[in-house]
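# Structural description and commentary
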Amino acid sequence: MSAIKMSEKTPLLHYRLSSSTHGSGNSVGVTVDKSPRVSRKTAGKPPKKLTTFFGVIIPTVLSMFSVVLFLRIGFVVGHAGLYQSILMFLVSYLIITMTVLSVCAISTNGALDAGGAYYMISRALGPEFGGSIGIMFFFANVCGCALYVLGLVEAITVSFGISEGEAGLANPYHMLPLGYWWSLLYASAVLLLCLGVCLVGAHIYAKTTFLIFLIVMTVLSSIFASFFIVGPRVVVLPAVSGNSTQAATANFTGFKLDTLLGNLWGSYTVDYTTGSMMSFTTVFAVMFNGCTGIMAGSNMSGDLKNPSYSIPRGTLTAVVFTFITYNLLALLASCSCDRLLLLRNYSFLCNIDVWCPLVMVGIYSSTLSAAMSNLIGASRILFALSRDNLFGGVLAPASQTSERGNPWVSVLISWSLVQVVLLLGKLNTIASIVTIFFLLVYAAVDLACLALEWASAPNFRPTFRYFTWHTCALGIVGCLVMMFLINAIYASVSIVFMLVLLLLIHYLCPTSSWGYVSQALIFHQVRKYLLMLDVRKDHVKFWRPQVLLMVANPRSSTGLITFINDVKKSGLYVLGHVQLGELEMLPADPLQSCYDSWFSLVDYLNIKAFISLTLADSVRHGIQHLLFISGLGGMRPNILVLGFYDDCSPKDNLQDCVFSTGAHSAKGQKRIFHFPPVCSDRMSGEAASAKHLSIEEYVYVIADAVKMQKSVALARYFCSFNQSEVLARAKPGQSGLYIDVWPLNLLRPDNCSYVDTCSLFLLQLACVLHMSHAWHQARLRLFLCVETGCCMQEAEEMLQQMLKDLRMTANVYTVPWDHVVALHGQRRAKVSQVHPRAQTDGAPECVHSFPSNTTLLSDEYLRAVNLLIRENGDPPPAVRFLYLPRPPADTRRYTPYLHQLDQLTQDLGPTLLIHGVVPVITTDL
C-alpha cells in the first residue's frame, strides 16, 4: 500500500513518458552498404528477426499501458465521470490514430531501416528536419529511461526501505537502507540490468518484454476478475497532510446501479496528491499521456522480419486492444466504486484485487519494461544518426556493431548518459518536456506523410491506403494542441530547440542522397503556378528582365556572370553554353557529365541561375536552340547577352583548387568540377571561341535574336570585372560608384530621339541595376547629346520631366557635340558595290561605302564619339550603357557593322551595348 501511495505522486505518473523508441537497429540491413567488414561477419550469422506479435504488438501494448493503467484510471473517472472519460478516450485515440495511419502509410511505402521514426522523418523531410527530431528523440528516450528507473526505485524503496520510524522494528519486508547514495546505487543496479539485456541484443529484449507482457496480462486479468469476485468492502483512504477533516474510508460497492449513476457526470475537485484544482483540460492532459507510445512497434523496424507487413497490423491491433481495455476498466470502476474512492485513492485497484501484491508486481514490471524500451530505443536512434553521418566524426564510434549486428557502442553511450541523468536525482523539471518531445516526433511523422501526399510523387505508393491528407493534418493539429495543453512554455521551448538544431544541421551536415520531399513539393507547386502564368496576360507594368547569358568558358567570364546576376531583378537567369558536335556521331551525350561542373560554378559564385546546355553543329544554331527552348511557359528569356567579339586576352578567374584539373578532395576522391583552360577566345563573355565563330556568324546571332523578338545586350571589357572591387568604390574616401547611360543612337546623330523603344529599354535596365541591393549606393548619370541649334536647357528639362514621370532618379548632363556631328559626313549616294577595307591597327582612317540609302561613317567620326564618351566619364563609371543599333538588313554590311561597334566602344571599360525590341516602361498606375 505505502509503495503505491508514494509512487503515484511521482512525475512519472503525472506525465506519460511513453517508450516510443523500442526500436533496435538493423544490423545486417544497415551494415551491408556501410561496413563490408561487418557484413562479412554477419553473413554467416544473421540476427534473429522478430514477428509481428513479439516485435510490434507487445512493445506497443506495454508502452501504451505502462503504470498509468494501474494508477491513473481512477483519477480520470473520479474527476471526469464515465461520460467525459469515454469522450476523452475517444478524442485522444482519434488523435493518436491519425498518427498511426501516417506511420502505417510511410512504413508500407518502401524498405524500412533501423531508426524507426527518425528514419521515416529524415528520409521524407530531409536530414535537417530528421536530424533535429532524431536528436530530440534520443535525449527524450535517455531522460525517459532515467525517469522510469527512478520511479521504479522509489516504489521499491517505499515498499522495502527502512524508514526512520522503523529503524528499531523488526519488519522482515523493510530491509533496504535509504538515502541519496543508496537510491543512486539501486537505480544504477536497475539500469545495469537494462544494459545487460540491451547489450545481448533485440531477441533477448523481445523475450524479456514477452515475459513482462505475460505478467502485465496476468495482473490485468486478475483486476478484471476481482471486479466480479470480490464482494463489497470498505477501503481505507490515504491520509492527506494538513487536513484531518477528510473522510478516512470509502466503499467498494460491487456492481450497483446507484454507484454507476453517481459516476456518470464529472465532479472536478482538488487533486489530493498535488493540491491543484482539476479541470477537463488538466485531467485530459494526464489521461492522454497514458495513451501514447504508438511508435514502439515502428521503431523496431530494423529487427522485424517484414516491417511493411508487421507495423500496420501490429500497431493497429495494439491501439484497438488498449482502447477497449481502458474503456472497459473505466466502465467497471464506474459501476463498482464510490466517487470518493476514485477521487481519494488512485491505487484502489490494489485494494480491491484478489491478491494485493500482484498489482504491485504489475507496476514494477511495466516500469522496468518502459526503462528498457527507452534505453534500447535511444541506442538505436543514436546508431542511425551516426550511420547517416549528420554530425561528421563526432558520432562515428556509435556506428560500431557486434558480430550479430547489435550496436553495442550506441548502447554503452546511451547507458552512460542515462547514468549521468540519474545523478541529478528526481527529474520533476523535465518530465513534461520529455513527453512534449515525443508528441513533437508524432507531429513530425504526420508532417512527413502529409508532405509526401501533397507532393504527389509517383513513387509514393504505400500499400496501406486508409489515410488521406486530412488525417495527417488532423494528427499534426492534435499533437500540437496536446503539447500546449500539457505545458505551453515547454512546448514553445521544444519547438525553438528543434529549429535551432535544424539550422545547425542545415549548415554543418554534408549533402545527402536520400531525396528531399521539399523538392517534390516545390516541383508540384511550381508546375501549378507555371500553368497559371499565362503569357497572354503579360503587361508592361510587370515586365522584368529574363536573361540568357551565353558563356563559352566560365573561367574567363565570372565577372560578367556575377554582373548579370545583379541585373536580373528577381527574373529568370539562364547560363547557356553551346558544345559543337553531332549526337549521331558520338557514343553518348557529352553534356550530361558537364552539368555537375556548371552547378558547382553556380554554387561557388553564389548566383541564382539555371543551366541550359545544348549540342549543335554550329554556335549560331546552338543559340537558336536555346532561345527556342529555354524557360517554360511564362518564364522564358527575353534578353540575350553575348560577350563582345574582340581581341581581348581572356583571364582565368577560377583559381580555386576545386576547379583545377585533377584536383582531389580531402577524402582522396577526384573532383568533377573542371572547365578547360582559357585560350585566345575573341569573345570575352563569349558565345564561342573565334575558331568556331566568324564575324558574320556573330552578327547573324544578333539578327536572329531580334527576329525572335528578343532584346540583345553585348558585353565588352567584363573579362577583368571584379564585383567586390567595383562596389568598394561606394565606400567613403573612394572615387564613387557611377552608372553611365547614353540613351541616343550615337551612330545616327540625325536621329537624336531618346524616347524610342531602345532608349527607354536602356534606361530601364540601368534603373534595374541601380535598384539591386549591391548597386543601391551607385549614382546614375544620364548623358544627353545636343547640338548648338537646340535649346540645351529645354532638352534637359524635358528629360528631367520624363525621368520624374518614370520614377527614376538620375543626374542629367547635356553634352554639346557639334564638332562630332560635323565629322559624321552624312550623305546619300547610290553605289553599285561595296568597298570593304578591313580596319587594321595603325591605319589612319577607313571609309566604308554601302548600297543606296545608307549612312557612311568614317573612323574619324567613330573615334570622336569614343573620345566624347571617355571625356565625359570623370570619375570613371563602373559600367556604361550604350545604344546598340539594329543589325543591317544587308548581310554584306555585317563586318563594317561590327567594326563600327568596336571603334565606338574602344577602351571604354565595362560596357553594355543594348538593343531593346519591346516596350518595358509605362507611366500608368
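Overview of the structure. (Residues numbered from 1 in each chain as written. Predicted model: local features only at pLDDT ≥ 70, side-chain atom pairs only at ≥ 80, totals over all residues. Heavy atoms only, no water.)

### Structural notes on the pairing of strand β6 (residues 639-643)
Residues in a regular strand project their side chains so that they alternate between the two faces of the sheet. The buried count for β6 comes to 5 of 5 residues, which makes it a mostly enclosed element. Burial along β6 is two-sided: Ile639, Val641 and Gly643 facing one way and Leu640 and Leu642 facing the other are all buried. Sheet topology note: the β6/strand β7 (residues 711-716) ladder contains 5 bridges and is parallel. Across the sheet, the residue bridging to Leu642 is Leu714, located in β7. (Buried < 20%, exposed > 50% of the residue type's maximum accessible area, 1.4 Å probe, protein only. Helix = DSSP H or I, 4+ residues; strand = E, 2+ residues; numbered from the N terminus. Pairing = 2+ DSSP bridges.)

### Here's the deal with the pattern of salt bridges
When charged atoms on two side chains of opposite charge get close, those side chains can pair. Using the criterion set out here, one finds 5 salt bridges in the structure. Across the pair Arg620 and Asp704 runs a salt bridge whose closest N-O atoms are separated by 2.7 Å. Of this pair, Arg620 sits in helix α25 (residues 619-629) while Asp704 is found in helix α26 (residues 695-707), placing the two residues 84 residues apart along the sequence. By relative accessible area, which is 22% here, Arg620 ends up partly exposed. Between Asp646 and Arg716 there is a salt bridge, and its shortest N-O distance comes to 3.2 Å. Within this pair, whereas Asp646 is found in the loop between β6 and α26, its partner Arg716 is found in strand β7, the two being separated by 70 residues in sequence. The burial state of Asp646 is the same as that of Arg716; both residues are buried. Taken together, the shared-partner salt bridges connect Asp646, Arg716 and Asp902 into one network. (Salt bridge = Lys/Arg side-chain N within 4 Å of Asp/Glu carboxyl O.)

### Quick look at the state of the cysteines
In protein chemistry, a disulfide is the covalent bond that joins the sulfur atoms of two cysteines. Counting across every chain of the model gives 1 disulfide. One disulfide bridge connects Cys350 with Cys356, the sulfur atoms lying 2.4 Å from each other. Linking Cys350 and Cys356, the disulfide has an S-S dihedral of approximately 50 degrees and is accordingly described as right-handed. The exposure class of Cys350 is buried, given its relative accessible area of 2%. A residue is classified by how much of its surface remains accessible, and Cys356, at 25% relative accessible area, is partly exposed. The structure places no disulfide on Cys104, whose sulfur is separated from the nearest cysteine sulfur, that of Cys449, by 9.7 Å. Cys145 supplies the cysteine sulfur nearest to Cys194, a cysteine that is in no disulfide, at a spacing of 5.6 Å. The class for Cys194 is buried, based on a relative accessible area of 0%. (Disulfide = S-S within 2.5 Å.)

### A word on the nonpolar core
Grouped together as the largest cluster of nonpolar side chains are 162 residues, with contacts concentrated most on Phe70, Phe227, Phe348 and Leu422. In terms of nonpolar packing, the next biggest core, distinct from the first, is built from 112 residues, Leu626, Trp775, Val815 and Trp817 among them. (Core = buried A, V, L, I, M, F, W, Y, C linked by side-chain atoms within 4.5 Å.)

### Considering helix α8 (residues 117-125)
For an α-helix, the turn length of 3.6 residues means that residues three or four places apart are oriented alike. Along α8, 8 of the 9 residues are buried, which leaves the element largely enclosed by surrounding structure. Within α8, burial applies to Ala117, Tyr118, Tyr119, Met120, Ile121, Ser122, Ala124 and Leu125. One or two steps after α8, the chain reaches Gly126, where phi turns positive at roughly 100 degrees.

### Considerations on unusual backbone geometry
With an omega of 0 degrees, the peptide bond running from Asp874 to Pro875 counts as cis. Locating Pro875 in the fold gives a position in the loop between α31 (859-871) and β11 (879-883). The backbone phi angle of Ser570 is positive, close to 60 degrees, even though this residue is not glycine. With respect to the helices, strands and loops of the structure, Ser570 is situated in the loop between α23 (558-567) and β4 (573-580). A positive phi angle, close to 55 degrees, is found at Asn606, a residue other than glycine. Along the polypeptide, Asn606 turns up in the loop between α24 (595-605) and β5 (610-616).

### Observations regarding the packing of aromatic side chains
Overall, the coordinates contain 29 aromatic pairs when judged by the stated rule. An angle of 65 degrees between the planes, with centres 5.5 Å apart, marks the rings of Trp543 and Phe761 as edge-to-face. Taken together, the residues span a long stretch of sequence, with Trp543 in the loop between α22 (517-532) and β3 (547-550) and Phe761 in helix α28 (residues 757-771) at a distance of 218 residues. For the pair Trp543 and Phe761, a shared accessibility class is recorded, and that class is buried. (Phe/Tyr/Trp six-rings, centres within 6.5 Å; stacked < 30°, edge-to-face > 60°.)

### Considerations on the sheet that holds β5
The strand order across the open sheet formed by 10 strands is β5-β4-β3-β6-β7-β12-β11-β8-β9-β10, and the pairing between neighbours is mixed. Each having just a single partner strand, β5 and β10 (811-816) make up the two edges of the open sheet. Across the sheet, the mean angle from the axis of one strand to that of its neighbour is 25 degrees, orientation sign disregarded. Across the sheet, α23 is in contact with β3, β4, β6, β7, β11 and β12 (911-915); its angle to β4 comes to roughly 145 degrees. Sheet contacts for α31: β8 (738-742), β9 (779-786), β10 and β11; angle to β11, the most-contacted strand, approximately 140 degrees. (Axes fitted to C-alpha atoms, helices over the stretch in contact; angles between N-to-C directions. Contact = heavy atoms within 4.5 Å.)

### Some thoughts on a nonpolar patch on the surface
On the surface, Val496, Val500, Leu503, Leu504, Tyr507 and Leu508 cluster together to form a nonpolar patch covering roughly 660 Å² of accessible area. One can find Leu504 in helix α21 (residues 488-508). (Patch = residues over 30% accessible without salt bridge, like charges linked within 9 Å, V, L, I, M, F, W, Y side chains within 5 Å. Areas by Shrake-Rupley, 256 points an atom, 1.4 Å probe, with all protein chains shown as cover.)

### Quick word on the side chain of Ser132
Topologically, Ser132 is positioned in helix α9 (residues 127-160). Each residue touching Ser132, except ones within four places of it in the same chain, is listed here: Pro127, Met498, Leu501, Leu502 and Ile505.

### Topic: the packing of helix α11 (residues 202-229) against helix α17 (residues 356-388)
Remark: α11 packs on α17, axes separated minimally by 9 Å, with the N-to-C direction vectors making an angle of 150 degrees. Judged by the inter-axis angle, α11 sits roughly antiparallel to α17. Along this stretch, α11 crosses α17, giving a crossing that reads as left-handed. Between α11, through Ala202, Tyr205, Thr208, Thr209, Ile212, Ile215, Val216, Thr218, Val219, Ser222 and Ile223, and α17, the contact on the second element is made entirely by Leu358, Val359, Val361, Gly362, Ser365, Ser366, Ser369, Met372, Ser373, Ile376 and Arg380. Per-class residue counts for the contact of α11 with α17 are 12 nonpolar, 9 polar and 1 charged. (Parallel < 35°, antiparallel > 145°, perpendicular 65-115°, else oblique. Left-handed = near helix turned anticlockwise from the far one by under 90°. Nonpolar A, V, L, I, M, F, W, Y, C, P; charged D, E, K, R; others polar.)

All quantities given are derived from atomic positions and should not be read as evidence of function.
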